[in-house]
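Report on the structure
Here is what each chain is made of, one letter per residue.
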Amino acid sequence: MKNTIITFMLLLSAGMFGQMYNPVKWSTSVEKISDKEYVLKAQAVIQSGWHLYGQYIEEGGPSRTAFSFKNPKKNFELIGKTTEEKGHEVQDKIFDMKIKYFEDKALFTQKIKFTSADVSNIAAEVEFMVCDDSNCLPPSSEELAFKIPNVTKVALAEETVVVNNDTAVTEDKTVVSTDKTVSKAVAGPVKKQESKGFLSIFIIAFLSGFAALLTPCVFPMIPMTVSYFTKQSKTKAAGIRNAVIYGFSIVVIYVLLGSIVTAIFGADSLNALSTNVWFNLIFFVLLVVFAISFLGAFEIMLPNALANKVDLQADRGGLIGIFFMALALAIVSFSCTGPIVGTLLVEAASKGGIAPIVGMLGFSIAIALPFSLFAAFPGWLNALPKSGGWLNTVKVVLGFLELALAFKFLSNADLVLQLHWLEREVFLAIWIAVFGALAFYLFGKITLPHDSPLNHISVGRLSLGLIVLTFTIYLIPGLWGAPLKLISGFPPAMHYSESPNGIGGGNTETVSKQTLPTGAEFGPHNIITFHDYDKGMEFARKTGKPVLLDFTGYACVNCRKMEELVWSDSKVLGILKNDIVLISLYVDDKKDLPESEQYVSETTGKKIKTIGNKWSDLQIKTYKANAQPFYVIVDHNSANLTEPSAYNPDITAYYSWLQSGIRNFKK
């Protein structure tokens, strides 16, 4: 049971840090209208599955596309605003505003009038943000160049721009554009990751459906409904058939709900949920409300008038009547299933795409399955436990779990902003309080509204209470630096804490900051770590050790798992501390580079403005990879000593890989 609870929470919140892509290819063209007036065109070709936001989105929404035209000598003036194509426009429920986005391609045009004839090129910069069904990339920028053609043809109509590797060609075959080539995203791992993500959503939703069955709103309906079908049907076969149709109707209703969520919100906003600060804060509040509802403070209910109307329709015979019976069940049980369904949709929404549909499919199958099975084998009803106070206990337990899960969303927001408000110790203290209160509740020391009088504790309740208490005690040493590998990757990492080196004996190694080389700091497990490539390489040359380049990220879940599960192994840790120089390069470091160090990438054509941009560009340019974690062992001339390694939780394999690199360095 303990592993089931932990697996439930981990799967519900875990997400890949994702891969760094460049899914938009920009090209430019110029259209002459008169001797002084031209139209500058910027064409965005968007990789399949990705979305580019429009220019005119209100403040408070997602990052919009924005153009800035460089005109230091005032050689031209802009006529009107930059225009864009029709695109897709939806009323976003989360932002409560209209949001416009583009798929496949987008054409932006800006009319200008020259005030000087001595102009051959116009420079511009476009800032934009793109999302796909599982990732939302940070806002990016691209330098654009518009070459002024020497043509006399006047064409007022818009022309379709066809993009090839080197140029953009207008329909009249005049070559008038430049193109910046960007690296292609690796599609294979993404498809595997999406499939794995959907499978996780389905499994969690299926288990959640069974949990919903054990609530006071659903469980008593099983014998009542099955008895109705068996008594009203003329034959046993007819009763089974009607019950199966009833179960199928339940599946249709919940899958329809998932489809509506997908259609209304769309992948353009859903896929931003896992990293967007405001979305994480909204979901934190939402899950707290759900938890309070399950604990008994109030019930989330649909209007009674709706339930009455649906119930009247259920009196009709045939397939329509059966369908409305299923709809009546969904409405009547909403006070219990609503928070569970809401939590599932929140997590599914962060995956984007069809994840809400997959989640509702798993949930509804688990709900519908017992009705069909018990209709086929009515004798099984005698084995069901009687309804009673234990049903409310299940509901309260789910409330505590949702409360604990809510703080993971709050932690995500804190990690993205690097505020250090919800550090590891605070997060664990909250969890200890939540699960400790749950243990006291299961032992009967805490009573909540709607609880039945508890004269004794059942064996099942006592067993679950002991499991929760054991888990709570297991969390306590984490306050003093214990690794807590059972929930690795779920709380903030060890170094994101008030005492990264451990306190009160939680970390027996005494660390002196005086022993740190210039430019280094203590990283995970007190490994001396450099965050600057040049300083790390300089130290490696002085000490005569090979270098481990660690391309990582602050919000990279798999990076934290590697550090907590693999790097903590005594053999691996011995190598990382004694035989190698670790350089950890954070590709999501948002600190700006000095203006003198900013440059345009030779690989992607993008302007490198932040420290994270710099390390990401280094990884793409040198190793043709853009996913994290990514490990490379190099010598003092930056030559590879072995094949690079990605996420690999196999301790033995990772240890052998490190040894191989060190052996090659010594040859």
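Given the structure is predicted, the values throughout are model-derived calculations rather than measurements.

Further remarks concern the environment of Q110. Secondary-structure assignment places Q110 in strand β8 (residues 105–114). Owing to a relative accessible area of 2%, Q110 belongs among the buried residues under this scheme. Filtering out sequence-adjacent residues up to four positions away, Q110 remains in contact with Y38, V39, L40, F69, L78, I79, G80, K81 and T82. A polar side-chain atom of Q110 sits 2.7 Å from a polar atom in the side chain of T82.

Before going further, it helps to spend a moment on the packing of helix α16 (residues 570–578) against helix α18 (residues 651–666). In contact at an axis separation of 9 Å, α16 and α18 are set at 30° when each is read in the N-to-C sense. Taken together, the axes of α16 and α18 are roughly parallel relative to one another. With respect to the hand of their crossing, α16 and α18 are arranged in left-handed fashion. Between α16, through K571, V572, I575 and L576, and α18, the contact on the second element is made entirely by I651, Y654, Y655, L658, Q659 and I662. Within the contact of α16 with α18, the residues separate by chemical class into 8 nonpolar, 1 polar and 1 charged.

Moving on to the sheet that holds strand β9 (residues 121–128). Reading across from one edge, β4-β9-β11 is the order of the 3 strands in this open sheet, with antiparallel pairing throughout. Bordering the open sheet on either side are β4 (66–69) and β11 (140–147), each of which pairs with just one other strand. Neighbouring strand axes in the sheet, compared pairwise and without regard to direction, differ in orientation by 25° on average.

Before going further, it helps to examine the pairing of β4. Burial along β4 is one-sided: F67 and F69 are buried, while A66 and S68, pointing the other way, are not. Judged from the 4 bridges that link them, β4 and β9 form a sheet pairing that is antiparallel. Pairing of F69 across the sheet is with A124, part of β9.

Taken as a whole and assessed by the stated rule, the structure comprises 23 aromatic pairs. Measuring from centroid to centroid gives 6.3 Å for F400 and Y441, while their planes differ by 45°, and the two rings are tilted. Of the two residues, F400 sits in helix α11 (residues 389–417) while Y441 sits in helix α12 (residues 424–442), which places them 41 residues apart along the sequence. On the accessibility criterion, F400 (8% relative accessible area) is buried. By relative accessible area, Y441 is classed as buried at 0%. Consider the rings of W567 and Y631, whose centres lie 6.1 Å apart with planes at 55°: the pair is tilted. With W567 in the loop between α15 (557–566) and α16 and Y631 in strand β20 (residues 630–634), this residue pair connects regions lying 64 residues apart in the sequence. Take W567: its relative accessible area is 0%, and that puts it in the buried class. What links up through ring pairs into an aromatic cluster is the set W26, F67, F69, F102, F108, F128 and F146.

On the surface, a nonpolar cluster with roughly 640 Å² of combined accessible area is contributed by L454, I457, L462, L466, L469, I473, I476 and W480. Locating I473 in the fold gives a position in helix α13 (residues 459–475). Note on I473: relative accessible area 48%, which makes it partly exposed.

This structure, assessed with the given rule, holds 7 salt bridges. Across the salt bridge formed by K609 and E125, the nearest N and O atoms sit 3.0 Å from each other. You can see K609 sitting in the loop between β19 (607–608) and α17 (611–623) and its partner E125 sitting in strand β9, a full 484 residues away along the chain. Look at E125 and you get buried, because its relative accessible area is 12%. With its nearest N and O atoms 3.7 Å apart, the salt bridge here joins E538 to K542. In this pair, E538 and K542 are both assigned in helix α14 (residues 533–543), 4 residues apart and thus about one turn of the helix distant. Residue classification places K542 among the exposed positions, given a relative accessible area of 66%.

About the criteria used
Residues numbered from 1 in each chain as written. Predicted model: local features only at pLDDT ≥ 70, side-chain atom pairs only at ≥ 80, totals over all residues. Heavy atoms only, no water. Helix = DSSP H or I, 4+ residues; strand = E, 2+ residues; numbered from the N terminus. Buried < 20%, exposed > 50% of the residue type's maximum accessible area, 1.4 Å probe, protein only. Contact = heavy atoms within 4.5 Å. Polar contact = N/O pair within 3.5 Å; in protein donor to acceptor, adjacent residues only side chain to side chain. Axes fitted to C-alpha atoms, helices over the stretch in contact; angles between N-to-C directions. Parallel < 35°, antiparallel > 145°, perpendicular 65-115°, else oblique. Left-handed = near helix turned anticlockwise from the far one by under 90°. Nonpolar A, V, L, I, M, F, W, Y, C, P; charged D, E, K, R; others polar. Pairing = 2+ DSSP bridges. Phe/Tyr/Trp six-rings, centres within 6.5 Å; stacked < 30°, edge-to-face > 60°. Patch = residues over 30% accessible without salt bridge, like charges linked within 9 Å, V, L, I, M, F, W, Y side chains within 5 Å. Areas by Shrake-Rupley, 256 points an atom, 1.4 Å probe, with all protein chains shown as cover. Salt bridge = Lys/Arg side-chain N within 4 Å of Asp/Glu carboxyl O.

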